[in-house]
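# Observations on chain architecture
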Amino acid sequence: MKEAFKAAKVTDKVYWVGAVDWAVRDFHGYLTNRGTTYNAYLILADKIALVDAVKASFKDEMLARIASIVDPKKIEIVISNHAEPDHTGALGGVIEAIKPQKVLASMMGVKALDQHYHGACPAVAVRDGEKLSLGNVDLTFAETRMCHWPDSMVCYLHQERMLISQDAFGMHLASYERFDDQLSPALLDAEAAKYYANILLPLSSFVAKTIEKVAATGWTLDTIAPDHGPIWRKDPQRIVASYARWSRQPRINKAVVLYDTMWQSTDLMARAIGEGLAAGGTATRLMPLSGTHRSDIATEVLDAGALIVGAPTVNNEIFPTLADAMTYLRGLAPKGLIGASFGSYGWSGEAPKDLRAMLEEMKVELVGEPVRVVYAPAGEDLKRCYDLGLQVAARLKEKYPPPASSAV
Ligand code: FEO
């Protein structure tokens, strides 16, 4: 395979030897509509080391990329920064193939590898701040707990001024381009935001701590090499600044109206609410679940100030697509939202009340009472919807005022 699958040079001593997954579309509930990469890095120092591995089905691709540069059996040390199977699924097979002298992981990583692979990935723990000399390349390990799992750690390569950052600063984007300067900034911003919104948002306090911790080391970051997506070499501080901003969850004068419909009653109500929001000066995004994936909603909610949710009642329950999306959003724990609920029903009408209860659990500041309509909305019902939109717009303007000259 090495005739086709080659390593990519990052620096004189570091090569990318990961895999590109063009086909994956689901990443624990997140629609990865542009695929992803599983990045692994070969350090060609006096002692050769491999940092991270790939998903199980890409083991041969990874070994081929390594073999395009060096005999895999010459790897002495394997470092596993994070135990999630997208980075360790192939690890057992890689260990078997190369027989390294040591496999290193964080304290929690050693435990997590054992809990996943039951002895097939025996690792030795490194301490937070521990250093490792590979001869002409020195590494320092830093634990970054909950960024993404309790076992997460990163390593810094001093002579290369490179941070191998594991899940942090990554994105799900399959490409043959390996570096940020080879891709459009708009694409990078959009996919990095989607990744943050869907994976790291509930861990924002840990992200902030990681950024502070790395800043306190005084390390120069010429390169940030994450485990997904492109390597940041043009302006690594740009993604660090984006993470710092997203971890504070700043919100703007924007509302997301999330809904689904059975017979177009809730759809009509959503559109009337949207008209009210827009008339009140709010940037408004209607997101019907019939054509929108939950992970795109999470991305849109990343900077929205308001979330308004609507559903029909079916069999005395919230319409199932809303239950799915709201369970997902509740898990992502967005903070600082304003919200409201609405919906249509035939005889029992639980959905708008249950949606309101979910918003309350999410600590959303509620505006008005749920707007409920029996069967199909009449003119006065649509007026109530429009007015709810206006009310939310007014509260949004107070809480998250638009900049003086902003375009919607
Ligand atoms: Fe890319 Fe948390 O694994």
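What you see is a predicted model; the values in this text were computed from it and never measured. (Residues numbered from 1 in each chain as written. Predicted model: local features only at pLDDT ≥ 70, side-chain atom pairs only at ≥ 80, totals over all residues. Heavy atoms only, no water.)

So, about the pairing of strand β16 (residues 223–226). Burial along β16 is two-sided: the residues Thr-223 and Ala-225 and Ile-224 and Pro-226 are all buried. With 4 bridges joining them, strand β15 (residues 162–166) and β16 adopt parallel strand pairing. From the neighbouring strand, Leu-163 faces β16, where its bridge partner is Ile-224. (Buried < 20%, exposed > 50% of the residue type's maximum accessible area, 1.4 Å probe, protein only. Helix = DSSP H or I, 4+ residues; strand = E, 2+ residues; numbered from the N terminus. Pairing = 2+ DSSP bridges.)

To continue, consider the packing of helix α1 (residues 59–67) against helix α3 (residues 91–98). Running from N to C, α1 and α3 cross one another at 40°; their axes reach a closest spacing of 10 Å. One way to sum up the angle between α1 and α3 is to call them oblique. Crossing handedness for the pair α1 and α3: right-handed. Here α1 contributes Lys-59, Met-62 and Leu-63 to the contact with α3, which in turn contributes Gly-93, Val-94, Ala-97 and Ile-98. Of the residues that constitute the contact of α1 with α3, the class distribution is 5 nonpolar, 1 polar and 1 charged. (Axes fitted to C-alpha atoms, helices over the stretch in contact; angles between N-to-C directions. Parallel < 35°, antiparallel > 145°, perpendicular 65-115°, else oblique. Left-handed = near helix turned anticlockwise from the far one by under 90°. Contact = heavy atoms within 4.5 Å. Nonpolar A, V, L, I, M, F, W, Y, C, P; charged D, E, K, R; others polar.)

On to a nonpolar patch on the surface. A cluster of nonpolar side chains, namely Trp-347, Val-374 and Tyr-375, defines an oily patch on the protein surface of about 420 Å² accessible area. Take Tyr-375: it is sitting in the loop between β24 (371–374) and α12 (379–399). (Patch = residues over 30% accessible without salt bridge, like charges linked within 9 Å, V, L, I, M, F, W, Y side chains within 5 Å. Areas by Shrake-Rupley, 256 points an atom, 1.4 Å probe, with all protein chains shown as cover. Salt bridge = Lys/Arg side-chain N within 4 Å of Asp/Glu carboxyl O.)

The next point concerns the packing of helix α10 (residues 320–332) against helix α11 (residues 351–361). Relative orientation of the contacting elements α10 and α11 amounts to 10°, with a least axis distance of 10 Å. In terms of orientation, α10 and α11 fall into the roughly parallel class. Taken together, the residues of α11 that come into contact with α10 (itself represented by Leu-322, Met-326, Thr-327 and Arg-330) are Leu-355, Met-358, Leu-359 and Glu-361. Across the contact of α10 with α11, the residue classes tally to 5 nonpolar, 1 polar and 2 charged.

In this section: the pairing of strand β19 (residues 304–310). Across the 7 residues of β19, 7 count as buried, placing the element largely inside the fold. With 6 bridges connecting them, strand β17 (residues 252–259) and β19 associate as parallel partners. Bridged to Tyr-259 within β19 is Gly-310. The pairing of β19 with strand β22 (residues 338–345) spans 5 bridges and is classified as parallel. For Gly-310, the partnering residue across the bridge sits in β22 and is Phe-342.

In this section: the environment of Asp-324. On the secondary structure map, Asp-324 appears in helix α10. Given the relative accessible area of 35%, Asp-324 is considered partly exposed. Separated by 81 residues in the primary sequence, Asp-324 and Tyr-243 place their C-alpha atoms 27 Å from one another.

Attention shifts here to the domain arrangement of the protein chain. For the protein chain, the domain assignment lists domain 1 (8–247) and domain 2 (252–394). Spacing between the C-alpha centres of domain 1 and domain 2 amounts to 38 Å. Taken together, the two surfaces of domain 1 and domain 2 that pack against each other cover about 980 Å², and 62% of this comes from carbon and sulfur. Between domain 1 and domain 2 we count 1 salt bridge in total. Seen at the junction of domain 1 and domain 2, the total is 6 residue pairs in polar contact (both at pLDDT 80 or more). (Domains from an automatic or database assignment. Buried area = accessible area lost by both parts, 1.4 Å probe. Polar contact = N/O pair within 3.5 Å; in protein donor to acceptor, adjacent residues only side chain to side chain.)

All chains considered together, the criterion is met by 24 salt bridges. Between Arg-330 and Glu-361 there is a salt bridge, with the nearest N and O atoms lying 3.2 Å from each other. In this pair, Arg-330 is assigned in helix α10 and Glu-361 in helix α11, connecting sequence segments 31 residues apart. Residue Arg-330 is classed as partly exposed on the basis of its relative accessible area, which comes to 30%.

This next bit is on the packing of aromatic side chains. As enumerated under the stated definition, the model contains 7 aromatic pairs in all. Aromatic side chains Tyr-156 and Trp-219 sit 4.5 Å apart centroid to centroid with 5° between the ring planes, which places their arrangement in the stacked category. Remark: Trp-219 occurs in the loop between α6 (204–217) and β16 and Tyr-156 occurs in strand β14 (residues 153–157); sequence separation between them is 63 residues. With a centroid separation of 5.5 Å and an interplanar angle of 40°, the aromatic rings of Tyr-196 and Trp-246 are classed as tilted. Taken as a pair, Tyr-196 in helix α5 (residues 185–200) and Trp-246 in helix α7 (residues 236–247) lie far apart in primary sequence, 50 residues in all. Its relative accessible area of 0% is what places Tyr-196 among the buried residues. Connected via pairs of aromatic rings, a cluster forms that spans Phe-169, Tyr-196, Tyr-243 and Trp-246. (Phe/Tyr/Trp six-rings, centres within 6.5 Å; stacked < 30°, edge-to-face > 60°.)

Spatial strand order, β1-β2-β7-β8-β9-β10-β11: 7 strands in an open sheet with mixed pairing. Edge positions in the open sheet fall to β1 (8–9) and β11 (124–126), since each of these has one partner strand only.

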